[in-house]
Amino acid sequence: MPVYVAVDLGPESGRVLTGEFDGERLAVREVHRFANRPVRVLDGMYWDVLGLLTQTRGGIALAASRGRLTSVGVTAWGGDFALLDRAGRLLANPRHHLDPYTSGLAGLVSWQDHYELTGVRPGPGTTACQLLAHAGSPLLDAADHLAMMPDLFTLWLSGEMLAERTIASTSQLLDARTGRWADSLVTRLGLPHHLFAHRLAEPGTVAGPLRDGGDGGGGGGGGVRVSRNGRGPGATMVVAVAGHDAASAAAALPVSAGSVGYISCGPRSLAGLELDAPVTSRAARLAGFTNEGGVMGTVRFTRALNGLTLLQECRRAWGLRASYADLVAEAATTPAFGPLIDPGHPWFLEPGNIPARIAAYCRSTGQAPPEDRAQTVRCVLESLACSYRWALEQAEFLGDRRVEAVHLVGGGAASAAFCGLVADFAGRPVLAGPVEATAVGNLLVQAMADGRLGSLTELREVVRRSFRPRPFAPAARREPYEIAYSRYRRLTGIDGFWNDAAPEPRPGNEHRARPARHAASAPSDPSAPSAPSVTPAAPGPPAVPVTSTTPATSTSATTSVGLAGDRVAAGTDEEVQVGAPVGLHHMVDVEAFPAP
């Protein structure tokens, strides 16, 4: 029976898993887990890729100690990269995408032109913007190759240099329609063309045999010994799978037929559609959607959302060791339809005292804050469910299609209570699982490379047999959920998207009827606390919160003294500022401002 190895590198941790495939079903087992801790040095923050390589080799060695391995594949996050010299040697540790050393596209190309070509929203942490920040540096002058994170590990494990297409699509430098490097854009940005000279590979491309030591020219020791080296029948091969972790997760959707809508729920979330072609309209860009490559030429039309990191930070603030399941079970005992937050608000995107920030946000929007831990968790879960619905509705409108059911994969799929909430607020069935979608997609793309599967349809049939999705039907009584969702739209200010982008419904197109344009047209909720009107921020980049001239009078939690621009004491150990209500859920019209 073939045994495949999935190396799943995430921004916070890495794992090595094995998958045994008997031709009908896949059995997955985790063999190694390790932390991924960025290193801050002087002026910047860097990834410790050599430490990750050591852990990766150790995990592969553990897997190999239990039997012969057929192949290995690596997935990782998008955007970040390594620069290599002509011999493929690492010139420096890669910079972290959250390190604020970039400054955008520097006015070299318009945002919309760039989006229409690449399908990826401009952002300071993307590959293109990071490369521009290196302009004129000796490092860029010395570089002969650019390797995205999974490609770097494929190189180190096999010795072969390539650029896998799904991870390349996150770079802002790949043509979204041709699937090739956007040479004209590289020229306009003044970037060296030779960095993109290596071949683009489709998911499932065999890079080469796993090298003893896996150094691939990158140096280092701690060799991994497998049964045989070379390309013979006993060799363990390295496969360029769908290198972007989100692309591997999407490949593992247990879809049977029809339009594909999905939510990938982990520390951060993605929500959107799987399409045949990119959507690069101005409305799609302003709504925050990106078009990235998937397996077998598919396009993942998704937007980034907050996720379970909110619960992680709550648990940290409370000093708890309770599991997520315990927190969700506790939340289920408290009444539904309490206060809501915008999970994409800047307050909730950084680590810190999230319970205190939730209380401050609720006060600033005229809501009674949660009274205890259970209500706080319930607030987080219901708010996430609302944000998922909003993203899916946007994707349906922009992609011009209707999705009857939604697939939910990732860590959130493990909680039946949470999946039920997502179905209730979405108003449509949710099919949950697999939880280990990224690893499953990685392993089964290796099975395709091994000749055991011939198509994405066959791959997904294996997923359905191996990890039967759990169905969750929405609540039959819709009114309380619609009232809560209308309240969510009002307090986050997202109705402006529909005002500007959505036309009136056309005959035969009633499923895209736009939501209520004004708060007054939405159902009223007699039980909800009186809330002040929340005016959406003027178009433009998220504003830096402006501190009130009135000093805070206490460091204990107090009621808010107003909305945008006021200082609010959020708790005994943290003070936050209420800025303009602009977050991940808001349409940001960058064209109203000069290009940075």
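Everything here concerns the structure above.
For the structure given in this document, a descriptive report is provided here.

### Description of the overall build of the chain
Within the chain, the regular secondary structure consists of 18 helices and 21 strands. Among the 596 residues that make up the chain, the fraction classed as buried is 57%. Looking at the chain alone, contacts between residues at least 24 apart form 73% of all its contacts between residues at least 6 apart. Surface accessibility of the chain: about 23300 Å² in total, with carbon and sulfur atoms responsible for 53%.

### Observations concerning helix 10 (residues 309–318)
For helix 10, the complete set of buried residues consists of Thr309, Leu310, Leu311, Glu313 and Cys314. Along its buried surface, helix 10 packs onto strand 14 (268–275), strand 16 (299–306), helix 11 (324–331), helix 12 (354–364) and helix 13 (373–399). In the stretch just after helix 10, Gly319 is the one whose phi turns positive, near 70 degrees.

### Here we look at the pairing of strand 17 (residues 406–409)
Both faces of strand 17 are covered, namely the face carrying Val406 and Leu408 and the face carrying His407 and Val409. Taken together, the four bridges between strand 13 (residues 260–265) and strand 17 define a ladder with parallel strand orientation. Bridged to Ile263 within strand 17 is Leu408. In this fold, the crossover linking strand 17 to strand 18 (residues 430–432) by way of helix 14 (residues 416–426) has right-handed handedness.

### A short note on the sheet that holds strand 2 (residues 13–21)
Strand order across the open sheet formed by six strands is 3-2-1-6-12-11, with mixed pairing between neighbours. A strand with exactly one partner marks an edge of an open sheet, and here the two such strands are strand 3 (26–35) and strand 11 (205–209). Averaged over all pairs of adjacent strands, the angle between their axes in this sheet comes to 25 degrees, without regard to strand direction. Of the pairings in the sheet, the one linking strand 11 to strand 12 (residues 237–240) comprises four bridges and is antiparallel in character. Note on strand 12: the bridge partner recorded for Thr205 is Ala240.

### So, the pattern of salt bridges
Counting across every chain of the model gives 21 salt bridges. Among the ionic pairs, Asp99 bridges to Arg95, the shortest N-O distance being 3.0 Å. For the pair Asp99 and Arg95, one class covers both residues: buried. For the salt bridge of Glu292 with Arg300, the shortest nitrogen-to-oxygen distance reads 3.5 Å. Taking relative accessible area as the criterion, Glu292 reaches 11% and is therefore assigned buried. The exposure class of Arg300 is buried, given its relative accessible area of 0%. Salt bridges linked by common partners bring Asp8, Arg15, Glu30, Arg33 and Glu436 together as one network.

### Some thoughts on the sheet that holds strand 16
Overall, mixed pairing links the seven strands, which are arranged 15-16-14-13-17-18-19 in an open sheet. In this open sheet, the two edge strands, each paired with only one partner strand, are strand 15 (289–293) and strand 19 (470–472). Adjacent strand axes in the sheet meet at a mean angle of 30 degrees, parallel and antiparallel pairs treated alike.

### Structural notes on the nonpolar core
Among soluble globular proteins, nonpolar side chains are generally buried collectively. With 49 residues, the main nonpolar core has Ile263, Phe348, Ile358, Leu381, Tyr388, Leu408 and Val422 as its most contacted residues. Considering every element that reaches this core, the biggest residue donor is helix 13, with eleven residues. Discounting residues that sit within four places of it in the chain, Leu408 has contacts with Ile263, Cys265, Ala413, Cys419, Val422, Val430, Leu431, Ala432 and Gly433. Formed by 32 residues, the second largest nonpolar core is a distinct cluster that contains Ala6, Ala250, Val409 and Met448.

How each quantity is defined
- Residues numbered from 1 in each chain as written.
- Predicted model: local features only at pLDDT ≥ 70, side-chain atom pairs only at ≥ 80, totals over all residues.
- Heavy atoms only, no water.
- Helix = DSSP H or I, 4+ residues; strand = E, 2+ residues; numbered from the N terminus.
- Buried < 20%, exposed > 50% of the residue type's maximum accessible area, 1.4 Å probe, protein only.
- Contact = heavy atoms within 4.5 Å.
- Areas by Shrake-Rupley, 256 points an atom, 1.4 Å probe, with all protein chains shown as cover.
- Pairing = 2+ DSSP bridges.
- Right-handed = clockwise from strand over helix to strand, strands pointing away.
- Axes fitted to C-alpha atoms, helices over the stretch in contact; angles between N-to-C directions.
- Salt bridge = Lys/Arg side-chain N within 4 Å of Asp/Glu carboxyl O.
- Core = buried A, V, L, I, M, F, W, Y, C linked by side-chain atoms within 4.5 Å.

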